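Understanding the architecture of this molecule
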Amino acid sequence: MTIEEVIKSTVKMDNSKKVILNIMYTQNVILDHFHEILKQYDLSGEQYNVLRILRGQKGKPANMCVIQERMLAKTSNTTRLVDKLLLKDFVTRNVCPGNRRKIEVLITQKGLDTLKELDPKVDAHERTFAKNLTTEEIELLNQLLEKYRNQNN
């Protein structure tokens, strides 16, 4: 289905507008499916992102700045996200012994177990959206999206 059919547009659009609409609509479709997976774990996409960042620390704590700079959504309120994960026992939060102004966040075993359970579901979700494309098309799409996004660099 074309983007014009999706939004029921009868007006001819230039390709620059169509690309933006296609990206935005595709993001919404992907996120809707992704949020359905996370819903049963009472996690938001941003909370999931924080857990993945912390798992990537391989047992070392991360401070709020590290988490914030690695977030996909740079506008996320990291403190609020960590607070919610803390209430669910997915993370611990402690004052850094070397710098009392820093807060260190560490993923708990419960957080790791939840990610381990989610991993195959997220992998299947990603494969679902890639199944209509060849490996070469996926590589090309990644290159084009990166080129499109980085046009000011």
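Summarised in this report is the structure supplied together with it. Every chain begins its residue count from 1, and numbering advances along the sequence as written. Given that the model is predicted, a residue must reach a pLDDT of at least 70 before its local features are reported, and side-chain atom pairs must reach 80 or more before they are shown or counted; all residues, however, enter totals for whole chains, interfaces and linings. Neither water nor hydrogens contribute to the side-chain values; these are computed over all heavy atoms in the structure.

1. Examining unusual backbone geometry
A positive phi angle, near 55 degrees, is found at aspartate 42, a position not held by glycine. With respect to the helices, strands and loops of the structure, aspartate 42 is situated in the loop between helix 2 (15–39) and helix 3 (45–55). For lysine 58, which is not glycine, the phi dihedral falls at a positive 55 degrees. The residue lysine 58 is located in the loop between helix 3 and strand 1 (62–63) in this model. Taking relative accessible area as the criterion, lysine 58 reaches 73% and is therefore assigned exposed. Each helix corresponds to a stretch of at least 4 residues labelled H or I by DSSP, and each strand to a stretch of at least 2 residues labelled E; elements are numbered beginning at the N terminus. Only protein chains enter the area calculation, which uses a 1.4 Å probe; residues under 20% of their type maximum are buried, those over 50% are exposed, and those in between are partly exposed.

2. Quick notes on the pairing of strand 3 (residues 103–107)
Direction of pairing for strand 1 relative to strand 3: antiparallel, over a ladder of two bridges. Looking across to strand 3, one finds that alanine 62 is bridged to valine 105. Strand direction decides the pairing type here: strand 2 (residues 91–95) and strand 3, joined by five bridges, are antiparallel. Its bridge partner being in strand 3, arginine 93 is matched across the sheet by valine 105. Here, strands pair whenever DSSP counts at least two bridges between them.

3. Topic: the sheet that holds strand 3
The sheet built from three strands is open, its strands ordered 1-3-2 with antiparallel pairing. Two strands lie at the open edges of the sheet, namely strand 1 and strand 2, each paired on one side alone. Any two residues having at least one pair of non-hydrogen atoms within 4.5 Å are treated as being in contact. Note on geometry: axes are C-alpha line fits, over the in-contact stretch for helices, and angles between N-to-C directions span 0 to 180 degrees. Contacting strand 2 and strand 3, helix 5 (residues 78–87) crosses the sheet at an angle of about 120 degrees to strand 2.

4. Side note on the nonpolar core
Side-chain atoms within 4.5 Å link the members of a nonpolar core, which is a set of buried Ala, Val, Leu, Ile, Met, Phe, Trp, Tyr and Cys residues. Leu43, Val50, Leu51, Leu54, Ile67, Val91 and Leu118 are the most contacted members of the largest nonpolar core, which has 25 residues in total. Counting only elements with at least two residues in this core, the list comes to helix 2, helix 3, helix 4 (64–70), helix 5, strand 3 and helix 6 (109–130). Counting residues per element, this core draws most heavily on helix 3, at five residues.

5. Structural notes on the side chain of glutamate 4
Within the secondary structure layout, glutamate 4 lies in helix 1 (residues 3–7). Pairs of N or O atoms within 3.5 Å make up the polar contacts considered here, provided that, within protein, one atom can donate a hydrogen while the other can accept it, and that residues adjacent in sequence are counted only when both atoms are side-chain atoms. At 3.0 Å, the side chain of glutamate 4 and the side chain of lysine 18 are in polar contact. With near-sequence residues (within four places) excluded, glutamate 4 lies in contact with Ser9, Met13 and Lys18.

6. Section: the packing of aromatic side chains
Working definition: a ring pair exists when centres of Phe, Tyr or Trp rings (six-membered ring for Trp) sit within 6.5 Å. Plane angles under 30 degrees give stacked, over 60 give edge-to-face, the rest tilted. Considering all chains together, one arrives at one aromatic pair under this definition. Relative to tyrosine 48, the ring of phenylalanine 34 lies with its centre 5.3 Å away and its plane at 75 degrees, an arrangement referred to as edge-to-face. With phenylalanine 34 in helix 2 and tyrosine 48 in helix 3, this residue pair connects regions lying 14 residues apart in the sequence. The class of phenylalanine 34 is buried, set by a relative accessible area of 12%. On the basis of relative accessible area, tyrosine 48 is assigned to the buried category, the value being 6%.

7. Notes on the side chain of threonine 108
When you line up the elements, threonine 108 lands in the loop between strand 3 and helix 6. With near-sequence residues (within four places) excluded, threonine 108 lies in contact with Asp89, Phe90, Val91 and Thr92.

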